[in-house]
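# Observations on chain architecture
Chain by chain, the residues:
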Amino acid sequence: MRVISKKTLRDFWEKHSNAETGLLLWYQRISDNEFKNFNELRQVFASVDVVGNFIVFNISGNNYRLITYIDYEYQIVFIRAVLTHSQYDKDNWKNDEWFENT
């Protein structure tokens, strides 16, 4: 799968250095596979969840949340946000216009 964009991951781990290993591992696993659907995705990422139209990954032992939109047909993963667990729990990321219109 192709990830749009790795820069978002890099920007996050520059602020949260202990997220780098987990994000790079996620990037490698997602890039090395061609998932046809959520069930196939879940075979590789056991703790992945669907929230609305988004796929949410737990990163680095559940310390971080990676919010994505996946187009299985075109094999593209769009990164919506990377958040700390506490930022994610506030649910503010769900309230912006992009989330509501997707």
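A few points on the structure. (Residues numbered from 1 in each chain as written. Predicted model: local features only at pLDDT ≥ 70, side-chain atom pairs only at ≥ 80, totals over all residues. Heavy atoms only, no water.)

### Remarks on the packing of helix H1 (residues 6-15) against helix H2 (residues 20-31)
Axes are the key here: two packed helices are described by the angle between their axes and the distance separating the axes. To keep things clear, this is the line we draw: Angles run from 0 to 180 degrees between N-to-C directions of axes, and those axes are lines fitted to C-alpha atoms, restricted for helices to the stretch in contact. A run of H or I in DSSP becomes a helix once it reaches four residues, and a run of E becomes a strand once it reaches two; helices and strands are each numbered from the N terminus. An angle below 35 degrees is treated as roughly parallel, one above 145 as roughly antiparallel, one from 65 to 115 as roughly perpendicular, and anything else as oblique. For any helix crossing, the convention is left-handed if the near helix is rotated counterclockwise from the far helix by under a right angle, and right-handed if that rotation is clockwise. The contact definition used throughout considers only heavy atoms, calling two residues in contact when any of these lie within 4.5 Å.
Direction vectors running N to C along H1 and H2 enclose 165°, while the axes themselves pass 9 Å from each other. Between H1 and H2, the angle is such that the two are roughly antiparallel. Relative to H2, the crossing made by H1 is right-handed. Contact with H1, carried on its side by Lys6, Leu9, Phe12 and Trp13, involves Glu20, Leu23, Leu24, Trp26 and Tyr27 of H2 and no other residues of that element.

### Points about the packing of aromatic side chains
For any two aromatic rings, the description comes down to two numbers: the centre-to-centre distance and the angle of the planes. Rule in force here: Centres within 6.5 Å make a pair out of two Phe, Tyr or Trp rings, where for Trp the six-membered ring is used; the pair is then stacked when the planes are under 30 degrees apart, edge-to-face when over 60, and tilted otherwise. The rule is simple: take the accessible area with a 1.4 Å probe, protein chains only, and divide by the maximum for that residue type; under 20% is buried, over 50% is exposed, in between is partly exposed.
Tallying each qualifying case throughout the model produces 5 aromatic pairs. Relative to Phe57, the ring of Trp26 has its centre 5.5 Å away and its plane inclined at 70°; by these criteria the two rings are edge-to-face. With Trp26 in helix H2 and Phe57 in strand S3 (residues 54-59), this pair connects stretches of sequence that are 31 residues apart. Between Tyr69 and Phe78, the aromatic rings sit 6.3 Å apart at their centres with planes inclined by 35°, giving tilted as the arrangement. Looking at Tyr69, the relative accessible area reads 31%, which means it is partly exposed. Within the aromatic cluster, the residues linked to one another by ring pairs are Trp26, Phe35, Phe45 and Phe57.

### Some thoughts on the layout of surface pockets
Where we set the bar: In this analysis a 1.4 Å probe is tested at points of a 1 Å grid over the protein atoms alone, and where it fits but cannot get out there is a cavity; an open set with protein on both sides within 12 Å along at least five of seven lines is a pocket; lining residues have an atom within 4 Å of a point. Grid points are joined across faces, edges and corners, and a volume is the space filled by probe spheres set on the points. Put simply, Ala, Val, Leu, Ile, Met, Phe, Trp, Tyr, Cys and Pro go in the nonpolar bin, Asp, Glu, Lys and Arg in the charged bin, and everything else, Gly too, in the polar bin.
A volume near 150 Å³ is recorded for the largest pocket. Of all the elements in the fold, those that place two or more residues in the lining of the largest pocket are H2 and S3. Partitioned by chemical class, the residues of the lining of the largest pocket number 8 nonpolar, 4 polar and 1 charged.

### Section: H2
Test applied: How far a helix is expected to stretch is found by multiplying one less than its residue total by 1.5 Å. Arc definition: directions from the helix axis to the C-beta atoms.
The terminal C-alpha atoms of H2 lie 16 Å apart, and with 12 residues this matches the ideal 16 Å at 1.5 Å per residue to within 8%. Listing the buried residues of H2 in full gives Gly22, Leu23, Trp26 and Ile30. The buried residues of H2 occupy one face: seen down the axis, they fall within an arc of 95°. Looking at the buried positions of H2, the neighbouring elements they touch are strand S1 (2-4), H1, helix H3 (38-44), S3, strand S4 (64-71) and strand S5 (76-84).

### Things to note about the nonpolar core
One broad rule of soluble globular proteins: the nonpolar side chains tend to lie buried together. Selection criterion: What makes a nonpolar core is a set of buried Ala, Val, Leu, Ile, Met, Phe, Trp, Tyr and Cys residues whose side-chain atoms join them at distances within 4.5 Å.
Grouped together as the largest cluster of nonpolar side chains are 23 residues, with contacts concentrated most on Trp26, Ile30, Leu41 and Phe57. Of all the secondary structure elements, the ones that give two or more residues to this core are H1, H2, S3, S4 and S5. Once you skip the residues sitting within four places of it in the chain, Ile30 turns out to touch Met1, Val3, Phe35, Leu41, Phe45, Phe57 and Val77. Formed by 7 residues, the second largest nonpolar core is a distinct cluster that contains Val51, Phe54, Ile67 and Leu83.

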